[in-house]
Amino acid sequence: MNGADLLCETLLANGIDTCFANPGTSEMHFVAALDRQPRMRCVLGLFEGVVTGAADGYARMAEKPAATLLHLGPGLANGLANMHNARRARSPMVNVVGDHATCHLPLDAPLTSDIDSLARPMSHWVGRAEAADAVGSRTAEAIGAARAGAGGIATLILHADAAWTRTSAPVPAAVVPAAPAAPDPARIRAAAEALRNGKRTTILVTGRALRAPQAEMLDRIAQKTGARLMAQQANARMQRGAGRVALDRVPYVIDQALATFAETEQLVLIGANAPVGFFAYPGKPGSMLPEGCRVIAMAGADDDLPAAIAALAGETGMASAPRLAERGAPDMPGGALTPDAIAVALAHLMPENAIVCDESVTSGRDFFRSTHGAAPHDFLQLTGGSIGEGIPMATGAAVACPDRKVIGLQADGSGMYTVQGLWTQARERLDVVTIVFANRLYKILHGELQNVGAGTPGENARRMLDLDDPALDWVRIAGGMGVEAARADTAEAFFDLLRSAMSRKGPFLIEAVV
Ligand SMILES: Cc1ncc(C[n+]2csc(CCOP(=O)(O)OP(=O)(O)O)c2C)c(N)n1
Ligand SMILES: [Mg+2]
């Protein structure tokens, strides 16, 4: 066995059997070691943003980390934006970044860089395996860090000589992840007292609180206490649809977010942070809470949220049954294709247990309104605001859940960042339907130009915000990467296309001209 074999054995001993990869010369011994492991599924991404975004989507659905394989500092740097999104989602992830052999590093060969410094801002843990004998224990440390609390990003830098040198070091025992922090009884009592004092109270949640059993319990608490229950603006994973609690999210648009909390006297946080604006806008507050609003941080992201919610229920009592959304969909509109028509079509046609990956930016703002009664599904959002996550996230979710339909709600500008992910969907025969909202512009930025008080777009601004000259041909882009695709520009045509896409398996893309 060499160090790279020891790395693979340690990953497998911990149930990590999927590796999203984009390798280079310094990782060739890791590639060869993976090659000796038929239990390991290796998935190639044609850009590192696809690799890290797919690992994020995978982790959210598999509830365990994937490994990634990244090539030195530049490969890691290409993957950082989606590592940022994964870090915000608290997705567990074990990145393996190759580095030169230790003897080669002082020579300052062209690909040499400060990998640690690149990794640190997007990682919860950074470590180096400098010798083959240390690879097992370092890998176990990385896995422990990835599985600590709600989940973390671990980046293990693997020197080429640590990978190729023979070792007789044993495979470490499987890592026992640190248990999530038990709920703090004093904080639970404080939340329960606040919920009983008659003031207007919002319970703001994310993370595990958005799984169906926890959301049901929270809804019963909300009924009993008269509080309002909401999800934070962006959530890693939310179980919603018919038979589940119909939760709303804090809106992105600042005036809407401010209005959401205008009447709130108390805020109870469960896994979530107090709401702030995505950006600063001149003359507007950064906090979305009115002055004097009391904030009760009942449980943090790393706490055992199901236990905390159960403890809260013990203090407050609960209504006898949760209010669950009934199956149903609004009537399908006709005529020109709009984002709302797309949401309604999905409410009609989405199969049971679908996974919806949302990077629809402006086009998805009202998606919830029409889909509370859709078939039950998981809803995965862009958690860190770094666009270019949607196609990779859908790819990773489909690798994690091969028996479930994955539906990507994809804004066109964002889709172009990591469009290569479509090729991975074709190569892996993944059951993903990508709906591209082809508005042919960075629509959100047209709004933000005005919102920050920078005026209306002239020629230069339009050249930075519009995508219409030339218009992207998504049908040919997808086709060129092996993904079948079609275009719709009316509600009727979209409905028919979506129906046929839902009835077949394998990757498909619909260019929805909105
Ligand atoms: C990595 C990264 N680069 C740039 C931005 C700034 N940005 C935010 S939204 C956006 C364009 C969104 O356009 P599109 O995806 O087409 O969505 P639309 O606004 O049209 O709905 C850009 C460039 C960002 N958020 N992340
Ligand atoms: Mg757009």
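Bear in mind that the values here come from a model prediction, so they are computed numbers and not experimental data.

Each value, and the rule that gives it
Within every chain, residues take consecutive numbers counted from 1 along the sequence as written. Whichever chain is written first is A, and whichever ligand is written first is 1; the rest continue in order. Only residues with pLDDT of at least 70 are given local features in this predicted model, and only at 80 or more are side-chain atom pairs given and counted; all residues enter the totals for whole chains, interfaces and linings. Note that water and hydrogens are dropped before the side-chain values are worked out from all heavy atoms of the structure. In these notes, a set of buried Ala, Val, Leu, Ile, Met, Phe, Trp, Tyr and Cys residues joined through side-chain atoms within 4.5 Å is what counts as a nonpolar core. We call a residue buried when its accessible area falls under 20% of the maximum for its residue type, exposed when it is over 50%, and partly exposed in between, using a 1.4 Å probe and counting protein chains only. Note on contacts: a residue pair is in contact if any heavy atoms of the two residues lie within 4.5 Å. For each structure, a 1 Å grid was placed over the protein atoms alone; sets of points admitting a 1.4 Å probe that cannot get out are labelled cavities, open sets with protein on both sides within 12 Å along at least five of seven lines are labelled pockets, and lining residues have an atom within 4 Å of a point. Grid points are joined across faces, edges and corners, and a volume is the space filled by probe spheres set on the points. Numbered from the N terminus, helices here are DSSP runs of H or I no shorter than four residues, and strands are runs of E no shorter than two. When residues are grouped by polarity, Ala, Val, Leu, Ile, Met, Phe, Trp, Tyr, Cys and Pro land in nonpolar, Asp, Glu, Lys and Arg in charged, and all others, Gly among them, in polar. Whenever a helix is involved, its axis is fitted only over the stretch in contact; in every case the axis is a line through C-alpha atoms, and angles between N-to-C directions fall within 0 to 180 degrees. Each crossing gets its handedness from the near helix: less than a right angle anticlockwise from the far helix is left-handed, clockwise is right-handed. Any nitrogen, oxygen or sulfur atom within 2.8 Å of a metal ion counts as a donor, with the limit raised to 3.2 Å for Na, K and Ca, and since water is left out, coordination shells can look unfinished. Within this document, salt bridges are pairs made up of a side-chain nitrogen of Lys or Arg and a carboxyl oxygen of Asp or Glu, the two lying within 4 Å of each other. Strands qualify as paired when DSSP identifies two bridges or more between them. With the strands aimed away from the viewer, a crossover counts as right-handed if its path from the first strand over the helix to the second runs clockwise. In a helix, the anticipated span is given by 1.5 Å times the number of residues less one. Starting at the helix axis, one direction is taken to each C-beta atom, and the arc is that of these directions. Pairing of N or O atoms within 3.5 Å defines a polar contact, subject to two protein rules: one partner must be a possible hydrogen donor and the other a possible acceptor, and residues neighboring in sequence count only if both atoms are side-chain atoms. In this text, near means that some heavy atom of the residue lies within 4 Å of the molecule or strand in question. Only the protein chains shown count as covering a residue, and every accessible area follows the Shrake-Rupley method with a 1.4 Å probe.

*Asks:* Could you clarify how one ought to interpret the nonpolar core in this entry?
*Replies:* One broad trend across soluble globular proteins is that nonpolar side chains are buried collectively. Of all hydrophobic cores here, the largest spans 61 residues; its most connected members are Ile270, Ile435 and Phe494. With sequence-adjacent residues up to four places away left out, Ile435 is seen in contact with Ile342, Leu346, Ile407, Gly408, Leu409, Gln410, Phe494, Leu498, Ile510 and Ala512.

*Asks:* I would appreciate a short explanation of the layout of surface pockets in the present structure.
*Replies:* A probe as big as a water molecule, rolled over the atoms, marks out the empty space that is left. Quantified by volume, the second largest pocket comes out at close to 950 Å³. Tyr252, Val361, Thr362, Arg365 and Ile444 are the residues nearest the centre of the second largest pocket, which is lined by 38 residues in total. At the level of secondary structure, the elements contributing two or more residues to the lining of the second largest pocket comprise β12 (354–359), α13 (367–371), α15 (412–415) and α17 (443–451). Of all the elements, α17 adds the most residues to the lining of the second largest pocket, at 4 residues. For the lining of the second largest pocket, a count of residues per class yields 17 nonpolar, 11 polar and 10 charged.

*Asks:* Got a minute to help me understand the packing of helix α1 (residues 3–13) against helix α6 (residues 135–146) in this structure?
*Replies:* In a pair of packed helices, the angle between the axes and the distance between the axes together describe the arrangement. Remark: α1 packs on α6, axes separated minimally by 9 Å, with the N-to-C direction vectors making an angle of 35 degrees. α6 is crossed by α1, and the crossing has right-handed handedness. Side by side, α1 and α6 meet where Gly3, Leu6, Leu7, Thr10 and Leu11 of the first sit next to Val135, Gly136, Thr139, Ala140 and Ile143 of the second. Counted by class, the contact of α1 with α6 contains 6 nonpolar, 4 polar and no charged residues.

*Asks:* Hey, could you run me through the coordination of the magnesium ion (ligand 2) in this one?
*Replies:* Angles between donor atoms at a metal ideally measure 109.5 degrees for a four-coordinate tetrahedral arrangement and either 90 or 180 degrees for a six-coordinate octahedral one. Around the magnesium ion (ligand 2), the protein contributes the donor atoms Asp412 (OD), Asn439 (OD1) and Leu441 (O), at 2.1 to 2.2 Å from the metal centre. Sequence positions of the donors to the magnesium ion (ligand 2) reduce to the motif D-x26-N-x1-L. Here the residue Asp412 occupies a position in helix α15, and Leu441 occupies one in the loop between β15 (432–438) and α17, the gap between them amounting to 29 residues. In this structure Asp412 comes out as buried when scored by relative accessible area, which is 2%.

*Asks:* Just checking my understanding: could you explain the pattern of salt bridges for this structure?
*Replies:* Oppositely charged side chains are able to pair whenever their charged atoms sit close together. This model, assessed by the stated rule, comprises 28 salt bridges. One salt bridge in this structure joins Arg60 and Asp56, with 2.9 Å as the shortest N-O distance. Placement of the pair is Arg60 and Asp56 together in helix α3 (residues 48–62), with a separation of 4 residues, close to one helical turn. For the pair Arg60 and Asp56, a shared accessibility class is recorded, and that class is buried. For the salt bridge of Asp473 with Arg487, the shortest nitrogen-to-oxygen distance reads 2.8 Å.

*Asks:* Quick question: what am I supposed to make of the pairing of strand β2 (residues 41–44) here?
*Replies:* The side chains of a regular strand alternate, residue by residue, between the two faces of the sheet. In the sheet, strand β1 (residues 18–21) pairs with β2 via 4 bridges, with the strands oriented parallel. Residue Ala21 lies in a different strand from β2, and its bridge partner there is Leu44. In this fold, β1 hands off to helix α2 (residues 28–35), which returns the chain to β2; that crossover is right-handed.

*Asks:* In this structure, what is going on with helix α8 (residues 185–196)? I would like to understand it.
*Replies:* In an α-helix, one turn spans 3.6 residues, which is why side chains three or four residues apart end up on the same side. Spanning 12 residues, α8 covers 16 Å between terminal C-alpha atoms, matching the ideal 16 Å at 1.5 Å per step. Buried within α8 are the following residues: Ile188, Ala191, Ala192, Ala194 and Leu195. End-on view of α8: buried residues confined to an arc of 160 degrees, all on one side of the axis. Residues of α8 that are buried sit in contact with β7 (201–205), α9 (212–225), β10 (266–270), β11 (294–299) and α11 (305–316). Capping of α8 at its N-terminal end is provided by Asp184; its side-chain oxygen lies 3.0 Å from the backbone amide nitrogen of Ala186.

*Asks:* Could you clarify how one ought to interpret α2 in this entry?
*Replies:* Turning to α2, its buried residues number three or more, namely Phe30, Ala33 and Leu34. Along the long axis of α2, the arc covered by the buried residues comes to 100 degrees, so they all point the same way. Those residues of α2 that are buried lie in contact with α1, β1, β2, β3 (66–70), β4 (93–99) and β6 (153–159).

*Asks:* Would you take a moment to explain the sheet that holds β11 for this structure?
*Replies:* Each strand in a sheet pairs with its neighbour through backbone hydrogen bonds, running either in the same direction (parallel) or in the opposite one (antiparallel). Taken in spatial order, the 4 strands make up an open sheet running β8-β7-β10-β11, and their pairing is parallel. Since the sheet does not close on itself, it has two edges, and those belong to β8 (228–231) and β11, each with one partner. Going from strand to strand, the sheet's axes swing by 25 degrees on average, the running direction of each strand aside. For β10 and β11, the ladder comprises 5 bridges, and the chain directions are parallel. Counted as the bridge partner of Leu267 is Val295 from β11. Packed onto the sheet, α8 meets β7, β10 and β11 and runs at close to 135 degrees relative to β11. Along the sheet, helix α10 (residues 254–261) makes contact with β7, β8 and β10, crossing β8 at roughly 155 degrees.

*Asks:* Sorry if this is basic, but what is going on with the site of ligand 1 here?
*Replies:* Taken together, 17 residues form the shell around ligand 1, and within it Thr362, Asp412, Gly413, Ser414 and Ile444 come nearest. A distance of 2.8 Å separates an oxygen atom of ligand 1 from a polar backbone atom of Gly413. At a separation of 2.8 Å, an oxygen atom of ligand 1 approaches a polar backbone atom of Leu441. In the complex, the protein chains occlude 78% of the 590 Å² of accessible area that ligand 1 would expose alone.

*Asks:* Looking at this structure, I do not really get the side chain of Thr206. What am I missing?
*Replies:* Here Thr206 is to be found in the loop between β7 and α9. On the basis of relative accessibility, which here comes to 8%, the residue Thr206 falls in the buried class. Among residues more than four places away in sequence, those in contact with Thr206 are Gln232, Ala234, Asn235, Ile270, Gly271, Ala272 and Leu305.

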